[in-house]
Amino acid sequence: MTEFAGWDMPLDYGSVVAEHRSVRESCGVFDLSHLGQVEIVGPQAAGTVQRALTNDAEALPVGRAQYTLCLQPDAGIVDDLIVYRRADDDYLAVPNAANTDAVLDVLTAASQGHAQLRSRAWTCLAVQGPRSVQVLAAAGVDVQGLSFLDHVELGDGGGTLARTGYTGERGYELFVPPDQAEGYWDALLDAGAGPVGLGARDTLRLEVGYPLHGNDITRATTPVEARLGWAVAAGTGFVGEEAYLRAKKAGRPRRLRGLRALDRGIPRAGCDVRHDGRVVGEMTSGTFSPMLRIGIGLGYVDVGLELGDRVVIDVRGKEISAEIIRPPFVEADPKA
């Protein structure tokens, strides 16, 4: 167990590598109840989300979800999150645990008192992996007809089922009242899912190149350098839009890239990246890939470096050769 954003969380259930492989090859289940959950309801719900977050919330159909960002006025990233549209005037925002209060503050200011904002503490169980459909069916949960980023209400206040996740694999997330959580958890384990902790959650997301707030994206980085402009809908009036457009026009001296080790060694956050003897960047995340059996990571490097360029990562005085790539590092497709 480990402390995480004020929660006591399972780091692993015995083996990070075994749990990682179970998600890539079969099915794993995560307890993600630490994630924030904010309901935005009322006639001004769509406008509130539109002003607070970067993606086009008003164009989001009912029953669909989208990846989006919450920015500061200077375009620094407060958080990255998923937003679900449950009805015309009903949204559910799911921010990272440590950033829930900050996102709620931005939403509150954007609501201008015209939308109702409610935090809730439901359980979130993420069922991820190529056998997730079969496991959920055996546990009594019908997922037929759900495409990537679709979601449905379970009825009678029973929660929300979404085809979303943070592993790069086909997967689903169940948001259920706490008194139903243990029953779902036991049913999923009985159906063949293996329990997975925070350790494998991090290695899984890194293998597909998903950024982690607090490491790869922060209040000091913008969507421009983080290569997240695809989650920004310019012209929607979101907080930080003017600063974002200025940054986009000016360009940035660095950008977030994937780095794949060519030598033995594991890159870690904070390691310098060098090219031709000079420092050209810094690692923001790094790990050992259980599937590739090599070191991988994300880092910000000079914009002049291209895909395929060779660099050196300084890991506590040991130099590791690496190649700049565009993630994912492994073949994975959550839309499959």
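Novice: Help me understand the sheet that holds strand S8 (residues 116-119), please; the structure alone is not making it clear to me.
Specialist: Backbone hydrogen bonds are what pair the strands of a sheet, in a parallel or an antiparallel way. Read across the open sheet, the five strands follow the order S5-S6-S7-S4-S8; overall the sheet is antiparallel. Whereas interior strands pair on both sides, the edge strands pair on one side only; in this sheet they are strand S5 (65-71) and S8. Across the sheet, the axes of successive neighbouring strands diverge by a mean angle of 30 degrees, strand direction being ignored. Across five bridges, the pairing between strand S6 (residues 77-87) and strand S7 (residues 90-94) is antiparallel. In the sheet register, arginine 85 faces S7, and the bridge partner there is tyrosine 91. In the packing of helix H3 (residues 100-111) onto the sheet, the strands contacted are strand S4 (38-41), S5, S6 and S8, and the crossing angle to S8 comes to about 170 degrees.

Novice: What exactly am I supposed to notice about the packing of aromatic side chains here?
Specialist: The description of two aromatic rings rests on the distance between their centres and on the angle between their planes. Inspection of every chain in the model, using the stated rule, returns five aromatic pairs. On the basis of an interplanar angle of 35 degrees and a centroid distance of 6.5 Å, the ring pair of tyrosine 13 and tryptophan 185 is categorised as tilted. With tyrosine 13 in the loop between strand S2 (7-9) and helix H1 (16-25) and tryptophan 185 in helix H5 (residues 178-190), this pair connects stretches of sequence that are 172 residues apart. Take tryptophan 185: its relative accessible area is 17%, and that puts it in the buried class. Above the plane of the ring of tryptophan 122 lies arginine 120, whose end atom (NZ or CZ) is 4.0 Å from the centre. Its guanidinium or amino end placed over the ring of tyrosine 300, arginine 254 lies 4.1 Å from that ring's centre, counting from NZ or CZ.

Conventions adopted
- Residues numbered from 1 in each chain as written.
- Predicted model: local features only at pLDDT ≥ 70, side-chain atom pairs only at ≥ 80, totals over all residues.
- Heavy atoms only, no water.
- Pairing = 2+ DSSP bridges.
- Helix = DSSP H or I, 4+ residues; strand = E, 2+ residues; numbered from the N terminus.
- Axes fitted to C-alpha atoms, helices over the stretch in contact; angles between N-to-C directions.
- Contact = heavy atoms within 4.5 Å.
- Phe/Tyr/Trp six-rings, centres within 6.5 Å; stacked < 30°, edge-to-face > 60°.
- Buried < 20%, exposed > 50% of the residue type's maximum accessible area, 1.4 Å probe, protein only.
- Lys NZ or Arg CZ within 6 Å of the ring centre and 35° of its normal.

Read these as spatial facts, not as claims about activity.
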